[in-house]
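If you want the building blocks of each chain, they are given just below.
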Amino acid sequence: MDTNAGKLARWLKMLGYDTLFINDVDDNELIAIGLNDKRVLLTKDTQIMLQRVVTSGRLKAVLIEDDNPKDQLRQVARMIKIDQERKFTRCLECNKLLVPKSKDEVQELVPAYVFKTQSQYFQCPVCQRIYWRGTHWQRMNKEMEALMGAEV
Ligand SMILES: [Zn+2]
């Protein structure tokens, strides 16, 4: 619904959660997707929270109260147990689980300086993007841990 929610979706993907960011669908469609995929619905829409399917507990939904994506992440982190093992296991573009790759397999695909310094690689089976835990990864990790504070 707004770009801030898109940011939250990106954080959740970084944490390894299967995240679907949906814009422009009506409440009924959203609820149908949630039930069908057994997803937890994160929403800023108080009307959805009042629907019987939610109040009865059939569809798990969380009302996101904050506008700031960092506060949103904190709120979500309080509610779901963040699994350290899951972190950075999903493609940030496609939401697909990454596949570990050996150094040899990625030699032609990553910059030389990366190849020299990194030994662990992951590839997205859909967009073929290669991920490694370089400085960018470390920065994101630090930022995320700081955001979630003592909850982690
Ligand atoms: Zn991808």
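All residue numbers refer to position in the chain's written sequence, counted from 1. Restriction of local features to residues with pLDDT of at least 70 applies here, the model being predicted, together with a cutoff of 80 or more for giving and counting side-chain atom pairs; totals for whole chains, interfaces and linings are based on all residues.

## Digging into the sheet that holds strand E5 (residues 130–132)
Line of reasoning, step 1. Pairing is antiparallel across the open sheet formed by three strands, whose spatial order is E3-E4-E5. Each edge of the sheet is formed by a strand with only one pairing partner; in this case those strands are strand E3 (99–101) and E5. Averaged over neighbouring strand pairs, the angle between their axes works out to 40° when direction is ignored. Whether two strands pair depends on DSSP finding at least two bridges between them. In this description a helix means any DSSP run of H or I spanning at least four residues, a strand means any run of E spanning at least two, and both kinds are numbered starting from the N terminus. Each axis is a line fitted through C-alpha atoms, and for a helix only the stretch in contact is used; angles between axes span 0 to 180 degrees, taken between their N-to-C directions.

## What to know about helix H8 (residues 135–148)
Line of reasoning, step 1. A helix's residues, less one, multiplied by 1.5 Å, set its expected span. Taking 1.5 Å of rise per residue, the 14 residues of H8 would be expected to cover 20 Å, and the 20 Å separating its terminal C-alpha atoms lies within 8% of that figure.
Line of reasoning, step 2. Following H8 by one or two positions, Gly 149 has its phi on the positive side, about 50°.

## A short note on the domain arrangement of the chain
Line of reasoning, step 1. Domain assignment breaks the chain into domain 1 (3–86) and domain 2 (99–151).
Line of reasoning, step 2. Think of it this way: build a C-beta for each residue from its backbone, and any pair within 7 Å is a contact. Of the residues lining the interface, eight residues belong to domain 1; the matching set on domain 2 comes to five residues.
Line of reasoning, step 3. Taken together, the elements giving at least two residues each to the side of domain 1 that touches domain 2 come down to helix H1 (3–14) and helix H5 (69–79).
Line of reasoning, step 4. The leading source of residues in the side of domain 1 that touches domain 2 is H5, at five residues.
Line of reasoning, step 5. The classification used treats Ala, Val, Leu, Ile, Met, Phe, Trp, Tyr, Cys and Pro as nonpolar, Asp, Glu, Lys and Arg as charged, and all other residues, Gly among them, as polar. Grouping the amino acids of the side of domain 1 that touches domain 2 by side-chain chemistry returns five nonpolar, no polar and three charged. All the domain ranges listed were derived from an automatic or database domain assignment.

## Section: the environment of Val 54
Line of reasoning, step 1. Residue placement: Val 54 occurs in helix H4 (residues 52–55).
Line of reasoning, step 2. Here Val 54 falls in the buried class, since 20 other C-beta atoms lie within 10 Å of it.
Line of reasoning, step 3. The spatial distance from the C-alpha of Val 54 to the C-alpha of Ile 31 is 8.9 Å, given a sequence separation of 23 residues.
Line of reasoning, step 4. Sequence-distant contacts of Val 54, that is, excluding residues within four places in its chain, are made with Ile 48, Met 49, Leu 59 and Ala 61. Three exposure classes are used. Buried residues have 20 or more other C-beta atoms within 10 Å of their own C-beta, exposed residues have 12 or fewer, and partly exposed residues fall in between, all C-beta atoms being placed from the backbone.

## Here we look at the nonpolar core
Line of reasoning, step 1. Buried Ala, Val, Leu, Ile, Met, Phe, Trp, Tyr and Cys residues whose C-beta atoms connect them within 7 Å together make up a nonpolar core. Leu 8, Trp 11, Leu 12 and Leu 15 are the most contacted members of the largest nonpolar core, which has 14 residues in total.
Line of reasoning, step 2. Put simply, the parts of the chain that give this core at least two residues each are H1, strand E1 (41–43) and H5.
Line of reasoning, step 3. Sorting elements by how many residues they give to this core places H1 first, with five residues.

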